[in-house]
Amino acid sequence: MASWRLISETAKQKWGMSMEKNFRVTSNTRNEAMFREATTFAGFLQIVEKELTQWQRDIDSSFTNIRTIMLSPLPRVYEEGHNGAAVPSEPEPTMVGGDVAVEQLVSAAVETRKRLDVEVIQPIKQWMVAYRTIAERMRRLEALRLELDSRRRTVADLQGRCERVRANLGTTRARGEVDMELTLRKMQHKEDKMQRTASQFQEMELTVYNSLFTLIKDTSVLRDYAAAALLIVNECFSAGYASFNSLEQAQYSTTAGAAGVAAAYGGGGEANKYDPRLPGGEKAGGGKGGGRTPRGGAYAASAGGDGDTGAAGRDFDQAGGGGGGAGYDPYHHDTRLGSQEMDGGGYAAGRANYWATAAAH
């Protein structure tokens, strides 16, 4: 009977299947609005929890892989022996991370997983548990609201019936008095039930409101939890880096960064050791030049042999203000000309002088 009452009342309110035009449904709008926004926020928290869990898995996997790599042997150089067999230059292979505290990598990952779980993920899960509890209360509250409105309709219908019976007492008084008494008893019984349902609804509505109020106030700390998660992960990678205790910390200034890139590609007086065109042990860029740009060393080697730019490069530096001895870079030649040559056709004159001098040599 209760289920049918709820289904019937839902149809009347949702699709307007009722003849009572002046009937006003019981309001629960404040809780519905708060719960709607809390539901949206709960979706965001689920994404955060999923991402943090993925972070834990990724850190565990990455640090485990790094540990495995650090414990792997480096390749060795082999020479041909007297009997034709390959003889290694070192009797025992050297580990990639010989002086790396590999167990510290594993402990850093374990500590990070624990801290993320205790300091961030667990509070989020507790909020989600409270949210699901309120969601269940909202369903019960909605059922009470529908039941209350259904009983209100029943009492209103009985009140109208009593008024019609009272209006007809003059014609059939004896029968009308009996109907009147039966209707009044039934209406009193229904009113009692309606009042009990109304009290239950008011109590549940206030409980849900207070729970939602507390839940919403707690959402403001999500910013702090996000910051804590980033701090924990940052400390994890710092601890991982500390396990490479033999490495000196790099200084990434603008000048040092450019010099490091140039050196890696053969510039700054140091050659590219991995140029397959050169025999072992020779420098690709030479000692005197090599270029100022990542391509400078290889370009000078292919053009000048010993890494020097030659007379053409020196003459160009003198005419164009390039500084000398660094090699002509076809990708950055604009920067090799001085400010005086950039004015009044100096750029074109500098280029012409360079190509003329290069042809003469």
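Residues numbered from 1 in each chain as written. Predicted model: local features only at pLDDT ≥ 70, side-chain atom pairs only at ≥ 80, totals over all residues. Heavy atoms only, no water.

### Focus: the overall build of the protein
Next up, step 1: Of regular secondary structure, the protein possesses 10 helices and two strands.
Next up, step 2: Considering only residue pairs separated by 6 or more positions, the protein has 68% of its internal contacts joining residues 24 or more positions apart.
Next up, step 3: Approximately 23200 Å² of the protein is accessible, and the part contributed by carbon and sulfur atoms is 55%. (Helix = DSSP H or I, 4+ residues; strand = E, 2+ residues; numbered from the N terminus. Contact = heavy atoms within 4.5 Å. Areas by Shrake-Rupley, 256 points an atom, 1.4 Å probe, with all protein chains shown as cover.)

### Concerning the packing of aromatic side chains
Next up, step 1: A complete count under the given rule lists five aromatic pairs for this structure.
Next up, step 2: Geometrically, the ring pair formed by F35 and Y131 is stacked, given 5.5 Å between the ring centres and 5 degrees between the ring planes. In this pair, F35 is assigned in helix α2 (residues 29–70) and Y131 in helix α3 (residues 102–167), connecting sequence segments 96 residues apart.
Next up, step 3: Relative accessible area serves as the criterion here: at 17%, F35 is assigned to the buried category.
Next up, step 4: Between F41 and W127, the ring centres sit 5.3 Å apart and the planes meet at 70 degrees, which makes this aromatic pair edge-to-face. (Phe/Tyr/Trp six-rings, centres within 6.5 Å; stacked < 30°, edge-to-face > 60°. Buried < 20%, exposed > 50% of the residue type's maximum accessible area, 1.4 Å probe, protein only.)

### Re the environment of E142
Next up, step 1: Inspection of the secondary structure assignment puts E142 in helix α3.
Next up, step 2: The class for E142 is partly exposed, based on a relative accessible area of 26%.
Next up, step 3: Sequence spacing of E142 and M204 is 62 residues, and the spatial spacing of their C-alpha atoms is 9.8 Å.
Next up, step 4: Looking at E142, its side chain comes within polar contact range of the side chain of R145, at 2.8 Å. (Polar contact = N/O pair within 3.5 Å; in protein donor to acceptor, adjacent residues only side chain to side chain.)

### Thoughts on the nonpolar core
Soluble globular proteins tend to bury their nonpolar side chains together.
Next up, step 1: Within the largest apolar cluster, 37 residues are counted, with the highest numbers of intra-cluster contacts made by F35, L52, F63, W127, Y131, I134 and V208.
Next up, step 2: Put simply, the parts of the chain that give this core at least two residues each are α2, α3, α4 (173–218) and α5 (222–242).
Next up, step 3: Among the elements that make up this core, the one with the highest residue count is α3 (17 residues).
Next up, step 4: Contact partners of F63, with chain neighbours within four places excluded, come to L105, A108, A109, C236, F237 and G240.
Next up, step 5: Grouped together as the second largest cluster of nonpolar side chains are five residues, L158, C162, V165 and M180 included. (Core = buried A, V, L, I, M, F, W, Y, C linked by side-chain atoms within 4.5 Å.)

### A look at the pattern of salt bridges
Next up, step 1: On inspection of all chains with the given rule, the structure shows 13 salt bridges.
Next up, step 2: For D60, the salt bridge is made with R113, and the minimal N-O distance between the two is 2.7 Å. Highlighted residues: D60 in helix α2 and R113 in helix α3, separated in sequence by 53 residues.
Next up, step 3: With a closest N to O distance of 2.6 Å, R185 and E181 form a salt bridge. (Salt bridge = Lys/Arg side-chain N within 4 Å of Asp/Glu carboxyl O.)

### A word on a nonpolar patch on the surface
Next up, step 1: Among the surface-exposed residues, I69, L74 and V96 lie close enough to one another that they form a single nonpolar patch of about 230 Å² accessible area.
Next up, step 2: Here I69 shows up in helix α2.
Next up, step 3: Residue class for I69 comes out partly exposed when judged on its relative accessible area of 47%. (Patch = residues over 30% accessible without salt bridge, like charges linked within 9 Å, V, L, I, M, F, W, Y side chains within 5 Å.)

### A look at the packing of α3 against α5
Next up, step 1: One can describe the packing of α3 onto α5 by two numbers: an axis separation of 9 Å at closest approach and a directional angle of 175 degrees. Relative to α5, α3 is oriented roughly antiparallel. Across the interface between the two elements, Q104, L105, A108, T112, R115, L116, E119, V120 and P123 from α3 touch Y225, A228, A229, I232, V233, E235, C236, A239, G240 and A242 from α5.
Next up, step 2: For the contact of α3 with α5, the residue count by class is 13 nonpolar, three polar and three charged. (Axes fitted to C-alpha atoms, helices over the stretch in contact; angles between N-to-C directions. Parallel < 35°, antiparallel > 145°, perpendicular 65-115°, else oblique. Nonpolar A, V, L, I, M, F, W, Y, C, P; charged D, E, K, R; others polar.)

### Observations regarding the environment of Q13
Next up, step 1: Summarising the element assignment, Q13 is placed in helix α1 (residues 2–15).
Next up, step 2: A sequence separation of 136 residues divides Q13 from D149, and the C-alpha atoms of the two residues are 9.6 Å apart.
Next up, step 3: A distance of 2.8 Å separates the side chain of Q13 from the side chain of D149, its partner in a polar contact.

### Overview of the packing of α2 against α3
Next up, step 1: Packing of α2 against α3 brings their axes to within 9 Å, and their N-to-C directions diverge by 160 degrees. Between α2 and α3, the angle is such that the two are roughly antiparallel. Taken as a pair, α2 and α3 cross one another with a handedness that is left-handed.
Next up, step 2: Classifying every residue of the contact of α2 with α3 gives 27 nonpolar, six polar and 10 charged. (Left-handed = near helix turned anticlockwise from the far one by under 90°.)

### Let's talk about the confidence of the model for the protein
Next up, step 1: Mean pLDDT for the protein: 74, with 64% of residues reaching 70 or above.
Next up, step 2: Confidence, read as mean pLDDT per element, is least for helix α7 (residues 296–304) in the protein (39) and greatest for α2 (95).
Next up, step 3: Within the model, the stretch residues 248–352 combines pLDDT values under 50 with 114 contacts to residues more than four positions away or in other chains.
Next up, step 4: The low-confidence segment residues 354–359 (pLDDT under 50) makes seven contacts with residues lying over four places distant or belonging to another chain. (pLDDT = per-residue confidence, 0-100.)

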